[in-house]
Amino acid sequence: MKKFFSVADVDSLDAIVKEALELKANPNAHEALGKHKMLGLVFLNPSLRTRLSTQKAALNLGMNVMVMNMDKDGWALETQDGVVMNGTTVEHIREAAAVMGEYCDILGLRSFPSLKDKEADYNEDLFNKFIKFCGVPVVSLESATRHPLQSLTDLITITEHKQIAKPKVVLAWAPHVKALPQAVPNSFAEWMSKAQEQGLVDFTIAHPAGYELADEFTTGATITHKLDEALADADFVYVKNWSSYKEYGEVYPVNENWMMDNQKLKLTNDAKVMHCLPVRRDLELSSEILDGPNSLVIKEASNRVWAAQVVLKRMLESLN
Ligand code: CP
């Protein structure tokens, strides 16, 4: 594996989940694989889970890790070509990425969208330039449009906890106080759509009008504006806020109550509730659910290690 950016970088969902669960059962089985190999993790935005779980995964594989908080510790980065750099940017991504590629065998990058320039965000301009100029395999730690390590984690978690062969999985929009990216819901929808294609889940998306995701991510999903209808017989509810894709980055007032709570849980098939975290308690998701027996959020966060480890393992195998 030379790149892990979207579900398109994985052939068989079944096979990668199985391999991740084998690593979970035996975390240090491949600790010789990463000996003398360097992983560089580059953050342009904050992170708790991605930062720590990916480091832990790399250490389990015997790798060394360097972390660069580019937003705080790096030079101000220029990403546009053909500009005279006489303003605030100090270093061009062409040099910065190429230099990091000299120091590392594998690189990870986190880069959020602007939520202002839809075209630049959805073209993944910065990410593509980073891949092009660094010259080593790159794992996405979340890009403008996708969060594949989170989505792989979510599929692993659903596989571990499902009670039937083809569970009903609902992606449910939730309220928030600020405009959030579409990366997590896009990615979850993209992975669940492929899982549905492969007969692994039955996938529904529920959101208020105006919050439609881009069509490319939702192929085959049932889409509704009625949360109660979507929740009927649900086995898993994946709670997440996102801002509008159509009116890019906008947040519309929503009058109905879209926060997942115990009342809504009663509509489901005793569903397990998931969220990628961080979560705003009693705004996106009720405390009673988060602290109750149906919540999978901590187990889900724990599984971030195995998603990262299987991806790094496949990248290391492609180096050797
Ligand atoms: N879910 C997730 O990616 O968490 P962090 O932003 O803390 O890494």
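Scoring rules and cut-offs
- Numbering of residues begins from 1 in every chain and follows the order in which that chain's sequence is written.
- Side-chain atom pairs in this predicted model are given and counted only at pLDDT of 80 or more, local residue features only at pLDDT of at least 70, and totals for whole chains, interfaces and linings cover all residues.
- Computation of side-chain values covers all heavy atoms of the structure but excludes hydrogens and water.
- For every domain, the bounds stem from an assignment made automatically or drawn from a database.
- Residue contacts are counted whenever heavy atoms from the two residues lie within 4.5 Å of one another.
- Summed over both partners, the accessible area (1.4 Å probe) lost when two parts come together is defined as the buried area.
- Take a side-chain nitrogen of Lys or Arg and a carboxyl oxygen of Asp or Glu: if they are within 4 Å of each other, that pair is a salt bridge.
- Under the rule applied, a polar contact is a pair of N or O atoms within 3.5 Å (in protein, one hydrogen donor and one hydrogen acceptor; residues adjacent in sequence only if both atoms are side-chain atoms).
- In DSSP terms, a helix is any run of H or I states spanning at least four residues, a strand is any run of E spanning at least two, and both are numbered starting from the N terminus.
- Only Asp, Glu, Lys and Arg are considered charged, only Ala, Val, Leu, Ile, Met, Phe, Trp, Tyr, Cys and Pro nonpolar, and every remaining residue, Gly among them, polar.

Caption draft 1: Here's a closer look at the domain arrangement of the chain. According to the domain assignment, the chain consists of domain 1 (3-146 + 304-319) and domain 2 (150-301). Relative to domain 2, the C-alpha centre of domain 1 lies at a distance of 25 Å. Counting residues at the interface gives 30 residues for domain 1 and 34 residues for domain 2. Area buried by domain 1 at its contact with domain 2 is led by Leu115, Tyr122 and Arg304, which between them contribute 26% of it. The interface formed by domain 1 and domain 2 includes three salt bridges. The partner of lysine 24 in a salt bridge is glutamate 160, with the nearest N and O atoms 2.7 Å apart. Connecting domain 1 to domain 2 are twelve residue pairs in polar contact (both at pLDDT 80 or more). Contributing elements (two or more residues each) for the side of domain 1 that touches domain 2: α1 (13-25), α5 (118-122) and α13 (304-319). Residues belonging to the side of domain 1 that touches domain 2 are distributed by class as follows: 16 nonpolar, three polar and eleven charged.

Caption draft 2: Spatial organisation of unusual backbone geometry. Residue proline 278 is reached from leucine 277 by a cis peptide bond, and omega for that bond is 5°. Mapping proline 278 onto the fold places it in the loop between β12 (272-274) and α11 (287-290). Positive phi, normally seen in glycine, also occurs at leucine 115, with a value near 60°. Its place among the elements puts leucine 115 in the loop between β6 (106-110) and α5. Positioned with a positive phi, aspartate 270 is a non-glycine residue whose angle comes to about 50°. The residue aspartate 270 is located in the loop between α10 (262-265) and β12 in this model.

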